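Reading the structure
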Amino acid sequence: MPLAGVNILPRGIRLTGTTDTETDTTADVLSSFGVLLKRYRRAAHFTQEMLAERAGYSTTYLSKLERGERQPLAFTVATLAEALGLDSSERATLEGAAQRTSSVTRWQPQANVSTANVALLPLVGRTEEQRFLARYLADEEPLLLLVLGEPGIGKTRLLQEAAQQGQRHGWRVLDGRCHRHSDQELYAPLLGALERYLAHQSLAGQREALQQCGWLLRLLPELAEVAGLSLPPWNVPPAQERRLLFAAVRRFLDNIAGASGTLLVLDDLQWASVDTLDLLTSLFRSNARRPLRIIGAYRHNEVLSTDPLSLAMADLAREVGAQRLELGPLASPDAEKLLGLLLAGSTIDQEAPLVETVLRRAGGVPYFLVSCAQGLRTGTWGGAAGEAIPWQVTETIRQRVGALSEEAQYLLGAVAVVGNNARRSILLALATQLGWGKRAVLLALEQACQARLLVEQGEHSYAFAHDLIREVLAEGMSAVRRAILHQQIAEILEQEMHPPVAVLAYHYSQAGLSEKAIAYLELAGDHARTVYAHEQAERYYRAWLERLIQLERPGEAARARFKLSGVLFVRGQYRGALPILEETLAFYQQTNDLEEQAKVVEQIGHVYAALGAAEKGIPFLQHWLASPSLYTFSTYRRCALYLTLTYLLMNSSRNTEALSAARQAVDLAQQAQDARQLGVARWYLGRVLMLLGRLKEAVQALEAAIPLAEQAGDLRCLCHVFSNLSLIADERGEPIAGKQYAERATLLAEQMDAPVLLAHVLASRGFNASVLGDWRQAQQDYEKAITLLRQAGMPWGAAYALLNFGAQLLAQGQEAGRAYLEEATELAKRSEDLLALRMAQSMLAEQELLLGAPKQACDRLEPLLEEATQEQRNPFSLLPLVAWAQLELGEKTQAQRLVEQARIGATGEQLRPVLLEVLLVQARLAAKQARWQEAEEALEAALKLCREMPWPYAEAKTLFVAGRVSHLRGETGPAREHFEAALIILHRLGEQLYAGVIQQALEELPLPTDRASVE
């Protein structure tokens, strides 16, 4: 890790930047200047006090120069030469000694690695970790390496080693680091890494790096002036814009790639925002010309398994592969070696008891070792028993800061308040307000850097060598001084061409200037929401609302609450959104603002539906729709109310009423001529028709919604439409098309930071994967969907993910599946979701039929058939199961009637899975009546359908029925062939339910003649 603020230069250790031809050690070079200065002083018959007074320096500073403990600046050398009265030859000799000192101790920036902006102290131990890095950079897989450990354990120092190795392996290395206040800027730290890289390039180099990266202007608007970029002239939906923005970042990394590719070295990812993680994830998922590697470090003791970082890294580990490198404390011999190097050249390394105390207290943590060594060398830490190391680290930092000039201390405090990197222009502007000249500011900054409290970040900004330094300085600052600095910084930033609204909101808030803060907090929330950074948007809106309440502005507070509730709804925090909306509604009722009341009512209705409390929300909406005030509203607002009613009715399984409300909404949306609203209305209409089993009409309505949603940039509507079309495609036996729709829906949901929507989409994609035979992918999708739904309190619709996952687990022979089915049934009953209840009963009925319990299955299914008929829902999917149950009960005539009814309906709606079930019942029925040719034709048609769709599990079930039919016909050989072919498919899927029945059927078959004779 960077050994923050340590200014120890032991004999024999050269800093990064020295060349192979250099023979002098650092200590030798420093001391050679000091020796020469002392020689000239004595020749002039000056004491240190006399020379210090003539030159205008302190005796302490002059003493440190002569001992080689300080690096002289050019101005200092000239001043001393003048005070000593040196001639031109002597002056040149002294300046030469100072220049040699500067060439050794001052790091020269490399072309593309800002991690090395500080001199690197020895990397002791970590031999296996270094070998690991070398293998990682040379291999093609994996793409992601995670370095984790506790604070101060050496993660950052290892990342610096990785950056250097990456350069040697031909990688273009960019680095970035998160901070506790990384949320002040969107997409930190990657955005900062890009900015730093561009800052080191010529104008031509910048333009070459930014080829085809115009969408980066959304994040870096200043590029329009610097590199002549411009946004494309066309408008795109927000989701598409975010995707293009992410693609531009990936293209930029391609453009600057080295011979091996691009290596991102990112530190302290525990403070990365959800949006940053989305961007990093997209880099791996996008197509690219050049290889990309990411090495990221984070404090694992500050990250929970449910945190966004853990979830994102787990997803990437499954998708692209990842390796973890966990750092522990240094072994005792390595810790002793490091401390010995740090103390080399001093008398302290001879004091064995004190060294042992340091080693014991540091516990092998590199940062503690370095901090203690610095304290020992400067005499600020005595190592007394019972003193806690963290306290000593704090005191060390305070001592080092206190040794600096007043100007340097002030600027360090300013950097602590700025947070993240502090631009030199801001520091200069602050100093100008105090009447300081540029020279005083630059000298103070150089002093802070020499003390290793600050490090240069590129050519124009500064950061602390370690975050602990910032924390110590911030704690020691008075509240008044801190508030004034925040105000001054905000006023400086406000004058920029593209002021950072989030940063301005932060500084004005910290300054206690609520009037200024509220304006920027709203803008920051709006901006975060437009780029789908909903977590940050929530934080800004909450801060905005808090200050409006303090200022007693109820009208503006109501507007803030409504915006906040919208973000909470998108994030699936329905129970948190409801009381906020109810409070907002109460305010607008007091002010008799009907239009605003209607807006809040619509949102409350959606929250009720999402919570599975649609029956509570329906009368709430109907009251408004029956009010005489309805026709005082705009056409747009009336349409919105009908849309909310449609949503509630759908979620309450009152689909016939929902169809009527949806049609009214479509009519009103057409009158309003609003593309977004019409798109939502057609989506709702398509959804209702789908629930009623009228799939042809549903597809027409949903497809009509797509161009409208695209035109309006309505990401949520578009995502739902694709998800619904995926389900319809699966229901019609078109899983390949269903997969395409599911993937498009998933991409949109992932970009929206909408966990509940993503959960529903993943559940839909999981079902599609199970149909196509990828049960492992299906399980991953179901598990992630259920995790997200549980985090949201199991809202309406959660039953479907539970049902399908439970059914798959039961099919795999895992009794845990029954618990999922029971939980889903309870949820469906609570929200009166009849479709989910039918699905659960149908799944159980199929198992009962398979295991020889047709009476139980019939008792389950017949009430469902009656309910579906009463709701005017086409019961085609239930009919084959009921027919199978009737057939097993000996009711062949009734079974034939149901089969024919199902065949006609399924043919009209093009429901190939239902037609398949019809063919299987026909084959069973024909076999029981010894109509073997008819049974064989039905099975051949069924197998053809299975392979056309394709649907492996259905094919295995069909082969099972074919085996049964062959067995009834007395054809043992074909029966065995069918059973064994079915088992091959089932074993590949990991299925146990049908497999167990088939295995038993095989055991009941007589052995073939040749096998029987052998046995």
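Residues numbered from 1 in each chain as written. Predicted model: local features only at pLDDT ≥ 70, side-chain atom pairs only at ≥ 80, totals over all residues. Heavy atoms only, no water.

A few words on the pairing of strand 3 (residues 261-267). Summarising burial for strand 3: 7 of the 7 residues are buried, a large majority. Alignment of strand 2 (residues 171-177) against strand 3, held across 7 bridges, turns out to be parallel. The residue of strand 3 that forms the bridge with W171 is G261. Sheet analysis places strand 3 next to strand 4 (residues 292-299), joined by 5 bridges and oriented parallel. Directly across from V265, in strand 4, lies its bridge partner I295. (Buried < 20%, exposed > 50% of the residue type's maximum accessible area, 1.4 Å probe, protein only. Helix = DSSP H or I, 4+ residues; strand = E, 2+ residues; numbered from the N terminus. Pairing = 2+ DSSP bridges.)

Moving on to the packing of helix 36 (residues 755-771) against helix 37 (residues 775-791). Where helix 36 meets helix 37, the axes come as close as 8 Å, and the angle between the chain directions of the two elements is 160°. As summarised for this structure, helix 36 and helix 37 are arranged roughly antiparallel, according to the angle between their axes. With respect to the hand of their crossing, helix 36 and helix 37 are arranged in left-handed fashion. Listed contacts from helix 37 to P755, V756, L758, A759, H760, L762, A763, R765, G766, F767, A769 and S770 of helix 36 are W775, Q777, A778, D781, Y782, K784, A785, L788 and L789. (Axes fitted to C-alpha atoms, helices over the stretch in contact; angles between N-to-C directions. Parallel < 35°, antiparallel > 145°, perpendicular 65-115°, else oblique. Left-handed = near helix turned anticlockwise from the far one by under 90°. Contact = heavy atoms within 4.5 Å.)

So, about the nonpolar core. In terms of nonpolar packing, the biggest core is built from 292 residues, with L174, L216, F252, L253, L264 and L412 touching the most fellow members. Take this core: its biggest share by element is 11 residues, from helix 32 (residues 675-691). Listed in part, the 20 residues of the second largest apolar core include Y136, L325, L327 and V365. (Core = buried A, V, L, I, M, F, W, Y, C linked by side-chain atoms within 4.5 Å.)

Let's shift gears to unusual backbone geometry. Cis geometry marks the peptide bond from M949 to P950, where omega comes out at -20°. Within the secondary structure layout, P950 lies in the loop between helix 45 (932-948) and helix 46 (952-969). Even without glycine at this site, S653 takes up a positive phi of about 65°. Note on placement: S653 falls in the loop between helix 30 (635-651) and helix 31 (655-672). Take S653: its relative accessible area is 10%, and that puts it in the buried class.

A separate point is the packing of aromatic side chains. Counted according to the given criterion, the structure contains 19 aromatic pairs. When the centroid spacing of 6.3 Å and the interplanar angle of 35° are considered together, the rings of F960 and F979 count as tilted. Note that F960 is positioned in helix 46 and F979 in helix 47 (residues 972-989), a separation of 19 residues in sequence. Taking the relative accessible area as the measure of exposure, F960 reaches 3% and is therefore buried. The exposure class assigned to F979 is buried, which follows from its relative accessible area of 0%. (Phe/Tyr/Trp six-rings, centres within 6.5 Å; stacked < 30°, edge-to-face > 60°.)

Our focus in this paragraph is the environment of L945. Here L945 lies in helix 45. Residues L945 and L916, 29 residues apart in the sequence, show an inter-C-alpha distance of 6.8 Å. Here L945 is in contact with R912, L915, L916 and L919, once residues within four sequence places are set aside.

The subject of this paragraph is the side chain of T584. Tracing the chain through its elements places T584 in helix 27 (residues 574-590). For T584, a relative accessible area of 0% translates into the label buried. A polar contact is formed between the side chain of T584 and the backbone oxygen of I580, at a distance of 2.7 Å. Ignoring anything within four residues of it in the chain, the contact list for T584 reads A558, R561, F562 and V600. (Polar contact = N/O pair within 3.5 Å; in protein donor to acceptor, adjacent residues only side chain to side chain.)

Quick look at the confidence of the model for the protein chain now. Per-residue confidence for the protein chain gives a mean pLDDT of 83, with 87% of residues at or over 70. For the protein chain, the element scoring lowest by mean pLDDT is helix 49 (residues 1009-1014), at 45; helix 32 scores highest, at 95. Counting contacts from residues 1-31, a segment whose pLDDT is below 50, to residues more than four positions away or on other chains yields 91 contacts. Long-range and interchain partners of residues 102-119, a stretch whose pLDDT sits below 50, account for 47 contacts in this model, where long-range means more than four residues apart. (pLDDT = per-residue confidence, 0-100.)

This part covers the sheet that holds strand 7 (residues 454-457). The 3 strands are arranged 6-8-7 in an open sheet whose pairing can be described as antiparallel. Two strands bound the open sheet, and with one partner strand each, they are strand 6 (422-423) and strand 7. Here 4 bridges tie strand 7 to strand 8 (residues 461-464), and the two strands are oriented antiparallel to one another. Pairing of V455 across the sheet is with A463, part of strand 8.

A rise of 1.5 Å per residue sets the reference length of helix 43 (residues 892-909), with its 18 residues, at 26 Å; its end C-alpha atoms lie 26 Å apart and thus fit the reference within 8%. Among the residues of helix 43, those classed as buried are A895, L898, V899, A902, G905, A906 and E909. The buried residues of helix 43 occupy an angular sector of 140° when the element is viewed end-on, so they sit on one face. In this structure, helix 43 carries T893 and I904 as exposed residues pointing more than 90 degrees from its buried face. (Expected span 1.5 Å × (residues − 1). Arc of directions from axis to C-beta.)

Working definition of a disulfide: a covalent bond connecting the sulfur atoms of two cysteines. One pass over the structure, following the stated rule, counts 0 disulfides. No disulfide involves C717; its sulfur sits 9.8 Å from that of C719, the nearest cysteine. (Disulfide = S-S within 2.5 Å.)

A separate point is the environment of Q206. Mapped onto the fold, Q206 is located in helix 9 (residues 203-209). Measuring from C-alpha to C-alpha, the distance between Q206 and L223 comes to 9.3 Å, with 17 residues separating the pair along the chain.

Put simply, helix 32 and helix 33 (residues 695-712) touch, their axes get as near as 7 Å, and they point 160° apart. Taken together, the axes of helix 32 and helix 33 are roughly antiparallel relative to one another. Taken as a pair, helix 32 and helix 33 cross one another with a handedness that is left-handed. Residue-level inspection shows A675, R676, L678, G679, R682, W683, L685, G686, R687, L689 and M690 of helix 32 in contact with helix 33, the latter providing L695, E697, A698, A701, L702, A704, A705, L708, Q711 and A712. Its residues assigned to classes, the contact of helix 32 with helix 33 comprises 14 nonpolar, 3 polar and 4 charged. (Nonpolar A, V, L, I, M, F, W, Y, C, P; charged D, E, K, R; others polar.)

By the criterion of burial, strand 1 (residues 144-149) is predominantly enclosed, with 6 of the 6 residues buried. What you see with strand 1 is no split at all: L144, L146 and L148 on one side and L145, V147 and G149 on the other are buried throughout. Here strand 1 pairs with strand 4 via 6 bridges, running parallel. Each residue of the ladder has a partner; that of V147, found in strand 4, is A297.

This brings us to the sheet that holds strand 1. Sheet strands pair via backbone hydrogen bonds, and the direction of the pair is either parallel or antiparallel. The 5 strands are arranged 2-3-4-1-5 in an open sheet whose pairing can be described as parallel. At either margin of the open sheet sits one strand with a lone partner, and together these are strand 2 and strand 5 (322-326). Between one strand and the next, the sheet's axes are offset by a mean angle of 15°, whatever the strand orientation. The strands touched by helix 8 (residues 190-199) within the sheet are strand 2 and strand 3, with strand 2 carrying the most contacts at an inclination of about 125°.

Inspection of the secondary structure assignment puts W884 in helix 42 (residues 879-888). Considering only alpha carbons, one finds W884 and Q896, 12 residues apart in sequence, at a separation of 9.6 Å. Excluding residues that lie within four positions of it along the chain, W884 makes contacts with E846, L849, L850, V921, R924 and Y994.

One pass over the full model with this rule turns up 42 salt bridges. For D315, the salt bridge goes to R318, with nearest N and O atoms at 2.7 Å. Separated by 3 residues within a single helix, D315 and R318 lie in helix 13 (residues 308-320), roughly one turn from each other. Since its relative accessible area comes to 46%, R318 is described here as partly exposed. Between R542 and E538 there is a salt bridge, with its nearest N and O atoms 3.0 Å apart. On the criterion of helical spacing, the pair formed by R542 and E538 is a turn pair, its members being 4 residues apart in helix 25 (residues 534-550). Sharing partners across several salt bridges, the network here consists of R177, D267, D268 and R299. (Salt bridge = Lys/Arg side-chain N within 4 Å of Asp/Glu carboxyl O.)

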